[in-house]
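One-letter residues, chain by chain:
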Amino acid sequence: MSEAGRPLRLADLAACVGRRFGGDGDTPITGVAALADAGPGDLAFVRSTRYATQAAATHAGALILPEGVDPGARAFILSPDPALDFARLATRIVAEARPVAGVATGAWVGAGAKVDATASIAGSVVVGERAVVGPRTRIHAGVVLYPDVQIGADCVIHSGVVLREHSRIGNRVVVQPGVVIGAEGFGFVTDEHGMRVRMPHLGWVVIEDDVEIGANTTVDRGTLGETRIRRGAKIDNLVQIAHNCDIGEDVIIVAQSGLAGSTRVGAGAILMARAGTTGHLEIGAGAFVGARAGLHKDVAPGARVYGSPQQPERLWHRVTAALTHLPDMLRRLRAVERAVGLRPPRERSDDEDRS
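This is a predicted model, so every value here is computed, not measured.

Enquirer: Which residues make up the sheet that holds strand S39 (residues 304–306), and what values go with them?
Expert: Read across the sheet, 12 strands follow the order S8-S11-S14-S17-S20-S25-S28-S31-S34-S37-S39-S40 without closing on themselves; strand pairing throughout is mixed. Every interior strand has two partners, whereas the edge strands, strand S8 (102–103) and strand S40 (311–312), have only one. Bridging between strand S20 (residues 174–175) and strand S25 (residues 212–213) involves two bridges; their strand directions are parallel. Bridge assignment links Val174 to a residue of S25, and that residue is Glu212.

As structure tokens, then:
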């Protein structure tokens, strides 16, 4: 539904994304839904021809679909990338309610802090001394900004976020609940008595424009200098980014991954779920790191690696496939050893049979 509360015409939605439509352009759209759940007022999308059967059975009022999918009698928008166009239109159809600008009762703003008049500060937010909050930025309940934090324009900082001192956040940054940015990293040295002594972390964190950070992710401050997440990077939930890391533009890091200190990730690289690195590694631009990979050395630009320790993609597939033949190979090896006298003849145990 539009912000004015009126249904939107399919023809107008098609024009918003520059696509051709078919059927009744006056079809009213009031919501969005998945194919299986959609009703007559909903817009749904068909990702590819693989979902043609689901498209035929849906009750959606209109579809975004690619070439090769029959829309039946319903109106449709023809798209080479239905998921992308659906994402762009969903935010128009389901307008997010914006809080009232200003500082709510119960928020605390420290001395010397600057909050733009168009920003929204919810109750129970703490804005530290000399902190800066930019235009139209929304800060939800329970957020704590330490002194000297800077936040740009059009950001959304969700509940429970903590931004430690001197953290700098660019424009249009989204930070999901529970994120901690700028905490001290895990760094200790050992004294002459074998005791652990914390290494002071005196640096800061810089988050550039258009970054999104998922729930309960942590980004540690630099030991000396900065930890930086560059423009357009997208970081999933439960990711650990240690001190002095540098995450390149448009990088994707998926849930439960962990980057040790001073790891550098080149632009456009993708790290799938639960990937991990040792410290001081270089992951090249455009590289792909498979799920649960353990990196112990640099990854070249554009390379694709899997496994722990890391292996090139084709080798990893061959090794993984070979493992399925290992029990049979062991049985055959034992039989050969007995035949040549390297293993005494005896009846095979149950454990050996299973191997």
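Enquirer: Could you give me a rundown of the nonpolar core, with the residues and numbers involved?
Expert: Among soluble globular proteins, nonpolar side chains are generally buried collectively. Ranked by internal contacts, the top residues of the largest apolar core, which has 49 residues, are Ile181, Ile229 and Ile247. Look past the residues within four positions of Ile229 in its chain and what remains in contact with it is Val206, Ile207, Glu208, Val211, Ile213, Val219, Ile235, Ile241 and Ile247. One finds Leu13, Ile29, Ile64 and Ile77 within the second-largest nonpolar core, a separate group that totals 14 residues.

Enquirer: I'd love a proper account of the side chain of Ser167, names of residues and values included.
Expert: On the secondary structure map, Ser167 appears in the loop between strand S18 (162–163) and strand S19 (168–169). A distance of 2.9 Å separates a polar side-chain atom of Ser167 from the backbone oxygen of Arg164. When residues no more than four places from it in sequence are discounted, the contact partners of Ser167 are Asp148, Val149, Gln150, Ile181, Gly182 and Val205.

Enquirer: Please provide a residue-by-residue account of the sheet that holds strand S33 (residues 264–265), values included.
Expert: Strand order in the open sheet made by the nine strands is S10-S13-S16-S19-S24-S27-S30-S33-S36, with parallel pairing throughout. Each having just a single partner strand, strand S10 (114–115) and strand S36 (282–283) make up the two edges of the open sheet. As defined by bridge partners, strand S30 (residues 246–247) adjoins S33 across two bridges and the pair is classed as parallel. Paired with Ile247 across the two strands is Val265, which belongs to S33.

Enquirer: Describe the environment of Gly31, listing the residues and the values that go with them.
Expert: Note on placement: Gly31 falls in strand S4 (residues 31–32). In sequence terms Gly31 and Ala95 are 64 residues apart; their C-alpha atoms lie 9.8 Å from each other. If we ignore the near neighbours within four places in the chain, the residues touching Gly31 are Gly41, Asp42, Leu43 and Ile93.

Enquirer: I'd like a rundown of the packing of aromatic side chains, residues and numbers included.
Expert: Taken as a whole, this structure holds four aromatic pairs when the rule is applied. Ring plane angle 70° and centroid distance 5.2 Å describe the contact between Phe186 and Phe188, whose orientation is recorded as edge-to-face. For the ring pair Tyr306 and Trp316, a centre distance of 4.8 Å and an interplane angle of 20° mean the geometry is stacked. Note that Tyr306 is positioned in strand S39 and Trp316 in helix H4 (residues 313–323), a separation of 10 residues in sequence. Owing to a relative accessible area of 13%, Tyr306 belongs among the buried residues under this scheme. Here the aromatic cluster, defined as three or more aromatic residues joined through ring pairs, consists of Phe288, Tyr306 and Trp316. A cation over an aromatic ring shows up here: Arg304 above the ring of Phe288, its NZ or CZ 4.3 Å from the ring centre.

Criteria and cut-off values
- Residues numbered from 1 in each chain as written.
- Predicted model: local features only at pLDDT ≥ 70, side-chain atom pairs only at ≥ 80, totals over all residues.
- Heavy atoms only, no water.
- Pairing = 2+ DSSP bridges.
- Helix = DSSP H or I, 4+ residues; strand = E, 2+ residues; numbered from the N terminus.
- Core = buried A, V, L, I, M, F, W, Y, C linked by side-chain atoms within 4.5 Å.
- Buried < 20%, exposed > 50% of the residue type's maximum accessible area, 1.4 Å probe, protein only.
- Contact = heavy atoms within 4.5 Å.
- Polar contact = N/O pair within 3.5 Å; in protein donor to acceptor, adjacent residues only side chain to side chain.
- Phe/Tyr/Trp six-rings, centres within 6.5 Å; stacked < 30°, edge-to-face > 60°.
- Lys NZ or Arg CZ within 6 Å of the ring centre and 35° of its normal.

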